[in-house]
Amino acid sequence: MLTTEQEEIIGSALSPLFQYLEHEVIKDVANRIRETMSYSRTAEIEAQQLHDLGFSPARIRKEAMKILRADPEYRKAVAKNTLDYKKTVKKLLQRIINTEKNITRNLLKEAANLSYLDDLHVWKQAGKKLTDRSFLPQIVDAVGKQTADTMKSLAQSTGFKTMSGYESVESLYQRELDKAMIKVCTGAFSQEQVIYDTVHSLAESGLRTVDFASGYSMQLDTAVKVAVRTGAHQIAARIMDANIQNTGGNLVYVSKHWGARNTGTGHANHEQWQGKVYFIKDGTDYSGEARRIGQDRIMSLWYATGYSVDGARENDPLGLNGYNCRHKHHVWFEGVSSIPREDPEPEPVTVNGRIYDYYNMSQKMRSMERNIRALKREREALASLGMDTKAVSSKIKGKIKEYEDFCNKCGVKPDINRLRYECSTSDLTKTEAWKQYEDKRKSVTNGPRSGKMYSSKEEKGVEVHTVGKINREIYKCVTEDIVTDEVVITDERIEHIERRHPGDYKQYHDYLADMVLNPDYILQDDRPFTAMVLKRFYDTDTEKHFRLALRLRSSEDTENFQNSIITFMKIRDKEYKRLIKNKTILYKKE
């Protein structure tokens, strides 16, 4: 299977292509309106006279537009610009779609290769082999066609959301020109202000894929990202299905993640079925396996989640592996596999008088990220028109500060990648999003792979790295039952840390040995035999604060198990103090 990070990077790789399209449309419309305004002088004079005579704004607008439309030069200019604009947009859209088709197919092929590589490693850990990959092209073709149909649908109905409703891309120039001319002719705006207002309005909306019948819309770059990410996710799921069936498996584990959908009923409520083991076909008694892993019972995957591994039933699009679902199912080896250890979801916090659980934190963050990208769209368009960007640049700086402050108060990391807006080129290979995709692809295909399923026996073939030792006397505050001093970390946990807290392990892993040996605080953790460790380091007069979870080996564990680091992260000073205040302190360094 693909990791969530891999899916996110694959999905984001195409975004700059559609951000470029969006930027070019906004710039083109604004330029054409600016050119056409040279015909407004006569209408402006008439409007001023009507205003001085006390006529109503409605009458002034009507008379001004009548004068404009009676001008044959104005009508000719508008007709020419309308035709040129439609040709330009049609040509640009076709070029973007043609580019997208080839790249999307290559992205999905790469997703299939990465997913199969990962599955190879998972089966190898269990002492089994995957030998058949002949089904890969068929899966890529099927999901590729489905994704291509989605992308075509997205591109065929594009528009902008304005105060007067949705405007299709094809009619955008004329609709925005009429509004601009009314503003200028009635004296409400200068020509310069009108261009600023037009750019601001279009940038605030962003180019959208619109269902004009229902009125539902989504920003096009986001819709493309979700479509590609969903395609990659479904390819990985089908490859897992094929490998399970080819090797005779019948049990799967469904992953668990923070902020899972907890509304709706049945398959649509993802929170109620995540983090559990299920069978694919009935007829086998799994009560012993359920007792071993501490689960009440093992039930049908399709009945619980709406997903059928063997295709015997129709999949529910609201359930597992449906549109925009981030849950994954993994093969489960009876008597060997164990439930992966997960970091606990952040506790609810109060920010500006409102209580946010993790789901609401993430929704607030997405809203703030969209607003920042909208301001960046506006800045890029103004810059391309040679207009002043100081005011909007100042707004961007302030909004980013608000975003970072909110994340800090919630104790979660800002997602800087979601603030990125790249619109300067249609050559994806020159964008940061593509560079990130290439870096991740090469790191996986050229480097060692690690599976995501722990084995209750010491994992066969799993790379284990020695970190250091603990002082058992200090850690007796957690449990008296500690049978070793050694502390290790596995490749799987390193990958987990890098996925959840990018850059922390790579930059600060040298601190781990000192942190486990000489902790500043040990706090109570909800998990058995687990210590929450806090430590502060000083580096060139700068304080850095860290938190890790250490699972201690007890006499109940297998012989090869060692004290193991579950997770590790750099935290802010405020979060460090919050944990000390709210958690039970088991040990404090004197």
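Residues numbered from 1 in each chain as written. Predicted model: local features only at pLDDT ≥ 70, side-chain atom pairs only at ≥ 80, totals over all residues. Heavy atoms only, no water.

### Re the overall build of the protein
Heads up, the condition is: The secondary structure listing takes helices from DSSP runs of H or I that are at least 4 residues long and strands from runs of E that are at least 2 residues long, numbered from the N terminus. Accessibility here uses a 1.4 Å probe with only protein chains present; expressed as a share of the type maximum, an area under 20% marks a residue as buried, one over 50% as exposed, and anything in between as partly exposed. In this description, contact between two residues means that some pair of their heavy atoms is separated by no more than 4.5 Å. The accessible surface values rely on the Shrake-Rupley method and a 1.4 Å probe; as for residues, cover is taken only from the protein chains in view.
Looking only at helices and strands, one finds 19 helices and 19 strands in the protein. Taken along its principal axes, the extent of the C-alpha atoms in the protein is 95 × 60 × 45 Å. Within the protein, buried positions represent 50% of all 590 residues. Contacts in the protein between residues at least 24 apart in sequence constitute 72% of all its contacts with a sequence separation of at least 6. Surface exposure of the protein reaches about 28400 Å², of which carbon and sulfur atoms provide 48%.

### Description of the packing of aromatic side chains
Where two aromatic rings form a pair, the distance of their centres and the angle of their planes describe that pair. The condition is simple: For this analysis, a ring pair means two rings from Phe, Tyr or Trp (six-membered ring only for Trp) whose centres lie within 6.5 Å, classed as stacked if their planes differ by under 30 degrees, edge-to-face if by over 60, and tilted for the remaining angles. Consider the ring centre and the ring normal. A charge sits over the ring if Lys NZ or Arg CZ is within 6 Å of that centre and within 35 degrees of that normal.
Applying the stated criterion across every chain yields a total of 15 aromatic pairs. Each ring, one from Y511 and one from F537, has its centre 4.4 Å from the other, and the planes form 10°; the classification is stacked. Residue Y511 is found in the loop between helix 17 (504–508) and helix 18 (512–517), and its partner F537 is found in strand 16 (residues 530–539); the two are separated by 26 residues along the sequence. There is no split in this pair, since Y511 and F537 are both buried. Measuring from ring centre to ring centre gives 5.8 Å for F537 and F546, while their planes differ by 75°; the resulting arrangement is edge-to-face. Residue classification places F546 among the buried residues on the basis of a relative accessible area of 0%. Taken together, Y508, Y511, F537, F546 and F568 form an aromatic cluster joined through their ring pairs. Above the face of the W258 ring, R500 is positioned so that its terminal group lies 4.9 Å from the ring centre.

### Notes on the nonpolar core
Definition in use: Definition used in this section: a nonpolar core is a set of buried Ala, Val, Leu, Ile, Met, Phe, Trp, Tyr and Cys residues joined via side-chain atoms within 4.5 Å.
L14, L21 and L107 are the most contacted members of the largest nonpolar core, which has 95 residues in total. If near-sequence neighbours (up to four positions away) are discounted, L107 is found in contact with I10, A13, L14, V228, W434 and Y437. Listed in part, the 25 residues of the second largest apolar core include I489, L512, A531 and L550.

### As for the packing of helix 7 (residues 172–185) against helix 8 (residues 191–205)
Convention followed: In this analysis, axes come from line fits to C-alpha atoms, helices being fitted only over the stretch in contact, and the angle between any two N-to-C directions falls in the range 0 to 180 degrees. Throughout this description, any angle smaller than 35 degrees is read as roughly parallel, any larger than 145 degrees as roughly antiparallel, any in the 65 to 115 degree range as roughly perpendicular, and the remainder as oblique. Handedness of a helix crossing follows the sense of rotation of the near helix relative to the far helix, less than a right angle counterclockwise being left-handed and clockwise being right-handed. In this classification, the charged set is Asp, Glu, Lys and Arg, the nonpolar set is Ala, Val, Leu, Ile, Met, Phe, Trp, Tyr, Cys and Pro, and all remaining amino acids, among them Gly, are polar.
Where helix 7 meets helix 8, the axes come as close as 10 Å, and the angle between the chain directions of the two elements is 140°. In terms of axis orientation, helix 7 runs oblique to helix 8. Crossing hand, helix 7 versus helix 8: right-handed. Between helix 7 and helix 8, the residues in contact are L172, E176, A180, K183 and V184 and Q191, V194, D197, T198 and L202, respectively. Within the contact of helix 7 with helix 8, the residues separate by chemical class into five nonpolar, two polar and three charged.

### Quick word on the pattern of salt bridges
Test applied: What counts as a salt bridge is simple: a side-chain nitrogen of Lys or Arg found within 4 Å of a carboxyl oxygen of Asp or Glu.
Throughout the structure, instances matching the rule amount to 31 salt bridges. One salt bridge connects R578 with E347, and the closest N-O pair in it is separated by 3.9 Å. Taken together, the residues span a long stretch of sequence, with R578 in helix 19 (residues 573–582) and E347 in the loop between strand 9 (337–338) and strand 10 (349–351) at a distance of 231 residues. Judged by relative accessible area, which is 37%, E347 ranks as partly exposed.

### Brief notes about the sheet that holds strand 6 (residues 277–279)
Heads up, the rule is: Two strands qualify as a pair provided DSSP detects at least 2 bridges between them.
Pairing is mixed in the open sheet, where four strands are placed in the order 7-6-5-8. Of all strands in the sheet, those bounded by a partner on one side alone are strand 7 (299–300) and strand 8 (329–331). One ladder, built from two bridges, connects strand 6 with strand 7; its direction is parallel. Across the sheet, residue Y278 finds its bridge partner in strand 7, namely M299. In this fold helix 9 (residues 220–246) packs onto strand 5 (251–254) and strand 8, with an angle of close to 25° to the strand it touches most, strand 8.

### Here we look at the sheet that holds strand 2 (residues 165–168)
Spatially, 2-1-3-4 is the arrangement adopted by the four strands of the open sheet, whose pairing is antiparallel. Each end of this open sheet is capped by a strand with a single partner; those strands are strand 2 and strand 4 (216–219). Strand after strand, the sheet turns through a mean of 45° between neighbouring axes, direction not considered.

### Digging into the confidence of the model for the protein
Just so we agree on the cut-off: pLDDT gives the predictor's per-residue confidence on a scale running from 0 to 100.
Per-residue confidence for the protein gives a mean pLDDT of 85; residues scoring 70 or more make up 93%. Counted against residues more than four places away or in other chains, residues 447–461, with its pLDDT under 50, gives 52 contacts.

### Details of helix 5 (residues 72–125)
Test applied: A helix is expected to span 1.5 Å for every residue after the first.
In this model helix 5 runs 78 Å from its N-terminal to its C-terminal C-alpha over 54 residues, within 8% of the 80 Å that 1.5 Å per residue would give. Phi for G127, located one or two positions after helix 5, is positive at around 75°.

### A short note on the side chain of T82
Here is the rule we go by: In the analysis that follows, any N or O atom pair within 3.5 Å is treated as a polar contact, provided that within protein one partner can donate a hydrogen and the other can accept it, and provided that, for residues neighboring in sequence, both atoms belong to side chains.
With respect to the helices and strands, the residue T82 is situated in helix 5. Judged by its relative accessible area of 12%, T82 falls in the buried class. A polar atom in the side chain of T82 sits 2.7 Å from the backbone oxygen of V78. Leave out the neighbours within four places in its chain, and T82 touches Y173 and Q174.

### Overview of the pairing of strand 1 (residues 158–162)
Extensive coverage of strand 1 is indicated by the burial of four of its five residues. As paired strands, strand 1 and strand 3 (residues 208–211) are joined by two bridges and run antiparallel to one another. What sits directly across from T158, in strand 3, is T209. By the bridge criterion, four bridges tie strand 1 to strand 2 in an arrangement that is antiparallel. By the bridge assignment for strand 2, T162 is matched with G165. Between the end of strand 1 and the start of strand 2, which pair antiparallel, lie two residues.

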